[in-house]
Each structure stands twice: as structure tokens, then as C-alpha cells.
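# Residue-level structural notes
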Amino acid sequence: MVYPLDPLTADEIAAAAAIVKAAKPEKPLGFNVITLAEPKKAEFLKWAAAPETAAAPHREAEFVALEKGHSGVVEGLVDLTTGELKAFEYVSGVQPILTIDDLANVEGTIRKDPSVIEQCVLSGVPASDMDKVYCDPWTIGYDERFGTERRLQQAIMYYRSHVDDMQYSHPLDFCPIVDTETGEVIAIDIPPVRRPLSKAARSNYSPKDIEAEGGYRTTVKPIHVSQPEGVSFTMAGREIEWQNFKLHIGFNYREGIVLNNITYNDKGTVRPLFYRLSLAEMVVPYGCPEHPHQRKHAFDLGEYGGGYMTNSLALGCDCKGVIHYLDAAFPARDGSATIVKNAICIHEEDDGVLFKHSDFRDNYATTINVRGVKLVISQIFTAANYEYMVYWIFHMDGTIQLEIKLTGILNTYVLGPGEETHGFGTQVHPGVNAHNHQHLFCLRINPMIDGTANSVQMTDAVRPAAPVGAPDNFYGNAFRPQATVFKTVGESITDYDHATGRTWDMINPAKLHPYSGKPASYKLVSREVPALMPKEGSLVWKRAGFARHHMHVTPYVDRQLYPAGTYVPQTSGEPSVGLPEWIGDGSAAIENTDVVLWHTFGVTHFPAPEDFPVMPAEPMSLLLRPRNFFLKNPALDVPPSYVMTTSQAATLAADHEVASLTDTTSKLAFTNGATNGTNGTNGSCCGKC
Ligand code: ABN
Ligand code: CU
């Protein structure tokens with residue numbers, strides 16, 4: 001059975017392209033996007049209520065194409081169920097996403113361009129070394145000199161002394177601008193004071209370079225993950241069931257992983273949690289004020305695509321354990337389909353102690369210790385220099401976690417001899433300036449807490465206003481949570497507050513907990529929430545409207561998915577598209593209805609030498625936690641690793657035995673004074689269970 005939110009298969013992509021070509025044989029089209037047009041939510045939910053009997057929504061493909069000689073894009077819709085082209089429209093004044101092919105062509109262009117060769121020579125690269133000149137092609141972002149008419153990339157330039165070298169330790173100081181469609185260099189930005197190619201030795205992480213610095217350490221013992229009985233999840237197509245959770249795993253060229261229709265089986269009652277969760281956009285603004293670095297602010301999802309850039313994952317490297325993979329299919333420019341094998345990794349990991357308690361009264365003999373397992377659904381994408389590792393993690397207590405790890409290589413620029421960074425970057429290697437930047441992600445949450453009629457409140461820890469000594473706070477120690485329900489979009493535009501430990505709670509106001517009297521909710525706990533550093537009125541502020549605040553809530557609208565606009569490359573931000581348009585005057589009602597939360601979180605990155613030549617993975621994380629949702633701890637039925645009741649302990653004590661969780665069976669890391677640790681094995685914690 002095809003699940004209506006399944007991504008298009010390779011065959012469906014090819015079929016969609018064939019339908020468009022057959023309907024418009026005279027048009028010289030190059031496909032940029034062919035992706036699932038998700039069914040309307042109401043249609044999907046109708047189907048999902050009775051999938052065996054209800055008619056499935058038609059499979060529809062939306063496409064974006066370029067037509068030779070036409071500025072802007074052609075966008076349209078294909079009904080794959082009927083084979084009909086339902087829409088075909090020209091959209092002007094926009095530019096589509098850059099595909100991997102678009103990026104890959106730029107190096108060839110700049111290497112043979114005479115004006116680029118001239119600049120290379122001026123920088124200290126011999127003309128005979130043009131095969132050693134590399135570039136990271138970025139969309140131009142926005143440059144008022146060139147506007148949106150042409151499809152432009154800026155080439156961030158580097159020199160690689162050897163094919164196995166890592167070019168980021170030898171940046172060049174100028175920036176060619178390339179027309180993606182014609183393959184021409186249309187301009188070169190050259191700084192007024194030149195910075196020659198650094199003569200410092202390269203910095204690299206290749207085996208040869210590590211050998212030259214003493215070789216790999218020999219002190220790492222293997223750790224094997226063993227799952228002798230396989231996994232505890234089941235898959236039906238792309239629907240997964242794991243520990244009472246059930247959800248569908250979608251994927252698209254832009255957001256990458258999309259989690260759909262997440263429910264929780266609460267002792268036989270299937271309770272909806274979220275209709276859709278995804279990373280909807282991100283922006284990486286750089287903080288060097290010198291022209292043209294203001295153009296460095298990548299929207300990695302909207303300009304390049306977290307799906308298009310996704311890696312094929314490998315066992316033992318990206319994921320460990322017993323793995324289930326899902327592939328991804330994308331269109332090539334000619335409308336044929338290509339497949340990324342193993343684009344999504346699904347596996348389980350030990351999750352540490354889920355809960356534990358011991359009783360001091362019998363010297364901790366009374367103990368319960370329950371270990372958890374977590375389900376991880378992950379992908380990794382390479383955004384030129386950077387890698388983003390995205391982990392959607394499900395925990396046994398009903399918590400859903402999003403963890404993102406950053407690794408890969410810093411974007412670098414040349415630091416001239418004796419030049420100062422002025423604090424806008426760090427010299428991470430001689431002659432290498434890594435500019436300050438932020439990684440700001442926009443998480444789109446469409447909650448469905450026990451149904452689609454939800455509200456959003458922010459909860460802050462507050463003290464009563466009365467002073468110490470006043471009757472209602474005589475000792476001054478009182479505090480309580482203050483919940484503010486957002487009535488309008490305008491009220492929802494809020495920021496994190498460390499002082500109050502603010503959370504944003506998605507509540508079902510009609511479902512009050514029998515004990516707490518509070519509404520069933522999932523709360524968003526997210527504390528890695530820097531402010532957008534580019535100033536109000538700046539290009540980034542205008543283009544990345546979603547990043548102005550940590551939280552925005554809007555009423556649900558079908559296919560309103562991308563908060564920096566559908567077409568992000570080369571937007572001027574005048575007017576700001578996407579979320580700022582949907583917010584409008586902020587008066588739309590959002591109480592007790594179907595809502596979407598747009599949450600911006602991330603890190604401000606001041607580079608350091610430890611981040612070079614390749615950055616150790618830096619994690620950031622947020623949680624969606626059930627509150628007043630379950631009657632009590634929903635994980636009480638997870639089998640304990642060890643349990644000893646007080647009466648059992650007393651019986652043992654009466655028999656002069658000692659009940660204790662103290663480990664007696666594991667081979668310890670160090671026994672009999674040995675310090676090489678060769679004895680350690682996994683053991684059950686006490687040998688009694
Ligand atoms: N980080 C900007 C970027 C992403 C992908 C491809 C090129 C550049
Ligand atoms: Cu960074």
C-alpha cells in the first residue's frame with residue numbers, strides 16, 4: 001500500500017517528468033525539483049482514519065523547472081494517479097534552488113576564465129596551476145548590483161597544492177561571480193588591499209599528514225554493539241512502530257527527514273501527538289563587515305536543499321548496531337531519477353538509566369534500576385565545507401528529541417601578513433581567518449496533541465509580586481509557573497528567557513489531566529537559542545524573517561512549509577517573504593485551533609584553532625516532552641535491569657544474605673592490580689537478572 005506521504009519513488013519522478021514533457025514537447029525544460037505535493041491535511045486525515053477502505057488521495061508531484069531563454073522558473077503540478085498535467089505556470093523575479101550539478105560546474109568555469117587566471121597569478125598562484133585552484137560555489141545570496149534576473153553563484157576561492165590537500169588552509173582573496181546558466185564569469189570582487197596566497201604549510205587530516213605528525217594513536221580499544229535478537233521496531237513501508245510510538249518517515253529534497261503523523265499508543269488508546277515535524281529552514285550568517293563577506297549567509301535548506309546534499313550512510317561509521325536504511329530519490333536535470341542509497345539510518349542505542357531509586361533505610365538494598373533504549377532516525381548532509389548531522393531521537397518516556405551535530409570544515413578567508421582580525425574572526429592556522437558566524441535552524445512543528453484543536457502557551461517561572469514579609473509570600477521563597485496562552489499570532493512572537501526558564505507548550509485545552517487539572521501538552525524545551533546577530537534592517541534580517549525571534553505561531557495552512565519563502569536564492573528581503581508575510585499584522589487567532597510553531601534555535605560560532613582543519617562534532621539539542629499528557633510515568637512497564645523490593649531484601653537479610661546491586665559479575669576494567677583493562681566485558685548488572 002502506498003502511504004500518501006511517501007516520497008516520490010524513482011519511477012514516479014521519471015513518470016512526472018515524462019508527463020510534463022509530453023504535455024509541453026516544445027519547451028526546452030531543465031528540471032530543478034520534482035517532489036511529492038503532499039495531500040491536503042484534511043484529505044490525509046480522512047484517509048488515515050480508515051486506510052483500508054477510504055480512497056487514498058491522488059499522488060501528485062510538484063515540479064520546478066528552468067526554461068531556456070526565460071528568466072525565473074516554471075512551476076507546476078502533475079497528477080500521477082490520472083497522468084494529467086494540472087498546472088504549468090511561469091514565475092518571474094525568483095530563482096530556484098542550486099542543485100549539486102549547478103554547484104559542480106563552477107570550478108570548471110573559473111579555472112579557464114582569463115580574468116580569474118589573472119587574479120590567481122596576482123595572488124601568487126602560477127597560471128600553470130589552475131588545476132589546483134578550487135572554489136566552494138555559493139549562491140550569491142543577494143547583491144543589489146545584480147538583482148534576481150540572472151542565476152548567480154559566488155565562488156569562494158582556494159588553492160590546493162596537492163589533490164589530497166585540504167584547500168581551506170589556502171584561501172584566495174578575491175571572489176568571482178558566475179552565471180549558472182551561461183557559465184560565464186560576470187564580475188570579480190577584489191579587495192582594495194590584496195592578501196597574497198599564504199606561504200604557511202598546509203593543515204590537513206589526511207592519513208599522510210597524520211603520519212607525518214607522529215601517526216594515529218594506538219590506545220583505542222574496539223567497542224562492539226551487540227543486538228543478538230535484532231531490533232525492537234517494525235517497519236511497514238516507511239511507517240515505523242517502536243515502543244508505543246508510530247510514525248511515518250518522509251524525506252524531501254529540501255527539509256531532508258520529515259516525520260509525519262506521530263501517535264502514541266497509550267495503553268490501547270492511539271493518541272495523536274504531531275502531524276508533521278521537520279527542519280524547515282536554516283541560515284548561517286557570517287559576521288565580517290568587509291565587502292563582499294556580507295553576502296556569506298547561507299540558507300542551506302532553501303538555497304541548496306538538506307535532501308539534495310544528503311550523504312549515503314555507512315555502517316560502523318555513521319551508525320552502529322542493527323540498522324534499517326531508507327533510500328532517497330531525486331530528479332536529474334533531464335527528468336531522470338537518481339537514487340541516494342542509505343540516505344536515512346534507523347537504529348536503536350542504549351539510552352542510559354531511564355529511572356532509578358534506592359532506599360537509604362536498608363542501606364540501598366531496596367532498589368529499582370531501569371535502563372532505556374532510544375530510537376534514532378538520522379541523516380547527514382554536506383553543505384560544501386560543513387556537515388550537518390540530524391538525529392531525531394525517540395525516548396521510552398514519550399520524549400522526542402532533535403539533536404544536530406555540526407562537523408566538517410570552517411569557511412575560511414586569507415589573513416594577510418601582519419593583518420588583524422579585528423575580532424570578526426579567528427586566526428585558526430597561520431594565514432587563515434575563520435569568520436564568526438551563526439548556525440540558526442528553524443524547526444517547524446505542527447502539533448496534534450490529542451487532536452488538531454490545540455493552543456500554545458509559554459510557561460515562565462515567576463515569583464509572586466508581593467515583597468518578603470507580605471502575607472502571601474512571608475518568607476519570600478514562593479515561585480510558580482505562569483502560563484500565558486497566545487491568542488493571536490502577534491502575541492506568540494517571543495524569545496527565550498533564561499531567567500524564567502521559558503518553555504513553549506503545545507496544549508489541548510479540552511483535555512485536562514485528572515490529577516493536575518492542567519491541559520494535556522507537549523512542551524518544547526530549547527535552550528540553545530542565540531539572538532540573530534545581524535542587525536534589524538540588515539540584509540540577513542530582511543531575508544531570514546524567521547530568525548528575528550525564537551518563536552512564531554501561525555494558523556495551519558496547507559503547503560505553507562518554507563519560512564524564508566519557496567524560492568530563497570537571490571531574495572532581497574524587500575519585502576520579506578515567507579513567515580513575515582504569513583504573520584501579516586499579527587491579528588490572526590491561534591487559540592484552540594490547528595497551529596504551526598516556527599522555532600529558531602542554534603549556536604553562535606566563534607571559531608578556534610581546535611576547530612581546524614576539521615571540526616570535532618559539536619552537538620545541540622532540544623526536547624519535546626509530555627506534560628500532563630500521561631496519567632503517570634509512561635515507562636513503568638519497561639522491564640527493570642534490577643529490582644529488589646523492601647520485603648525481598650528483608651527476607652534475604654533474615655537469611656543472612658545481602659541484597660545488593662553492587663556489581664559482582666562484570667569483568668572489571670582493572671582486576672588484581674592490572675591496569676591495561678583487558679578484562680572488561682559487558683555483564684548484566686548484578687548477575688541476578
Ligand atoms: N554553506 C553554503 C553552501 C552550502 C552548500 C553548497 C555550497 C555552499
Ligand atoms: Cu560553525
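These remarks concern the structure in this document. (Residues numbered from 1 in each chain as written. Chains lettered and ligands numbered in written order. Predicted model: local features only at pLDDT ≥ 70, side-chain atom pairs only at ≥ 80, totals over all residues. Heavy atoms only, no water.)

What follows concerns the coordination of the copper ion (ligand 2). Note on the copper ion (ligand 2): its protein donors are Y386 (OH), H437 (NE2), H439 (NE2) and H605 (ND1). The metal-donor distances range over 1.8 to 2.0 Å. Here the copper ion (ligand 2) binds 4 donor atoms, and the angle range of 99 to 139° at the metal identifies the geometry as irregular. Positions of the donor residues of the copper ion (ligand 2) along the chain correspond to the pattern Y-x50-H-x1-H-x165-H. Of this pair, Y386 sits in strand β18 (residues 386-394) while H605 sits in strand β29 (residues 595-605), placing them 219 residues apart in sequence. Like H605, Y386 is buried. (Donors = N, O, S within 2.8 Å, 3.2 Å for Na, K, Ca; no water. Tetrahedral: all angles 85-135°; square planar, octahedral: opposite > 155°, others 65-115°. Helix = DSSP H or I, 4+ residues; strand = E, 2+ residues; numbered from the N terminus. Buried < 20%, exposed > 50% of the residue type's maximum accessible area, 1.4 Å probe, protein only.)

Our next topic: the packing of aromatic side chains. A full pass over the atoms with the stated rule returns 25 aromatic pairs. Aromatic side chains Y3 and W47 sit 5.3 Å apart centroid to centroid with 85° between the ring planes, which places their arrangement in the edge-to-face category. Of this pair, Y3 sits in the segment before α1 (10-23) while W47 sits in helix α2 (residues 41-49); the two residues are 44 residues apart in sequence, bridging distant segments of the chain. In terms of burial, Y3 and W47 fall into one category: buried. Aromatic ring contacts, followed pair by pair, group W242, F245, Y264, F274, F394, Y522, F629 and F630 into a single cluster. Above the ring of Y556, the side-chain terminus of K41 is found at 4.4 Å from the ring centroid. Note that R254 overlies the ring of Y562, its terminal NZ or CZ placed 3.8 Å from the centroid. (Phe/Tyr/Trp six-rings, centres within 6.5 Å; stacked < 30°, edge-to-face > 60°. Lys NZ or Arg CZ within 6 Å of the ring centre and 35° of its normal.)

Our focus in this paragraph is the sheet that holds strand β8 (residues 184-189). In spatial order, the strands read β5-β6-β7-β8; together these 4 strands make up an open sheet with antiparallel pairing. This sheet does not close on itself; its edge strands, each paired only once, are β5 (133-139) and β8. Taking the axes of each pair of neighbouring strands and ignoring which way they run, one obtains an average angle of 30° across the sheet. Pairing analysis gives 5 bridges linking strand β7 (residues 175-179) to β8, with the strands arranged antiparallel. Along β8, the bridge assignment pairs D179 with E184. Where helix α5 (residues 114-123) meets the sheet, its contacts fall on β5, β6 (152-159), β7 and β8, and the angle it forms with β8 comes to roughly 35°. (Pairing = 2+ DSSP bridges. Axes fitted to C-alpha atoms, helices over the stretch in contact; angles between N-to-C directions. Contact = heavy atoms within 4.5 Å.)

What follows is about the pattern of salt bridges. Overall, the coordinates contain 33 salt bridges when judged by the stated rule. In this structure, the salt-bridge partner of R276 is E255, at a minimum N-O distance of 2.9 Å. Taken as a pair, R276 in strand β13 (residues 269-285) and E255 in the loop between β11 (245-252) and β12 (256-266) lie far apart in primary sequence, 21 residues in all. Summarising the burial analysis for this pair, R276 and E255 share the class buried. Note that R271 and D450 form a salt bridge whose closest N and O atoms lie 2.6 Å from each other. Of this pair, R271 sits in strand β13 while D450 sits in the loop between β23 (437-447) and β24 (455-462), and the two are 179 residues apart along the sequence. For R271, a relative accessible area of 9% puts it in the buried group. With relative accessibility at 16%, the residue D450 sits in the buried group. The structure contains a network of salt bridges with shared partners spanning D102, R151, E181 and R333. (Salt bridge = Lys/Arg side-chain N within 4 Å of Asp/Glu carboxyl O.)

This paragraph deals with the site of ligand 1. As a structural note, the neighbourhood of ligand 1 is formed by L103, P137, W138, A298, D300, Y304, M309, A383 and A384. Contact between ligand 1 and D300: a nitrogen atom at 3.1 Å from a side-chain N or O atom of the residue. Among the secondary structure elements, those contributing two or more residues to the shell around ligand 1 are β5 and α7 (300-304). In terms of residue class, the shell around ligand 1 is built from 8 nonpolar, no polar and 1 charged. When residues are assigned to domains, the shell around ligand 1 turns out to be shared by domain 2 (100-205) and domain 3 (235-409 + 437-465 + 478-605 + 614-627), each giving three or more. (Near = heavy atom within 4 Å. Polar contact = N/O pair within 3.5 Å; in protein donor to acceptor, adjacent residues only side chain to side chain. Nonpolar A, V, L, I, M, F, W, Y, C, P; charged D, E, K, R; others polar. Domains from an automatic or database assignment.)

Attention now moves to the sheet that holds strand β2 (residues 60-67). The strand order β1-β2-β3-β4 describes an open sheet built from 4 strands, whose pairing is antiparallel. Each edge of the open sheet is held by one strand with a lone partner, namely β1 (29-36) and β4 (84-91). Taken over all neighbouring pairs, the strand axes of this sheet differ in orientation by 20° on average, direction set aside. The pairing of β2 with strand β3 (residues 73-79) spans 6 bridges and is classified as antiparallel.

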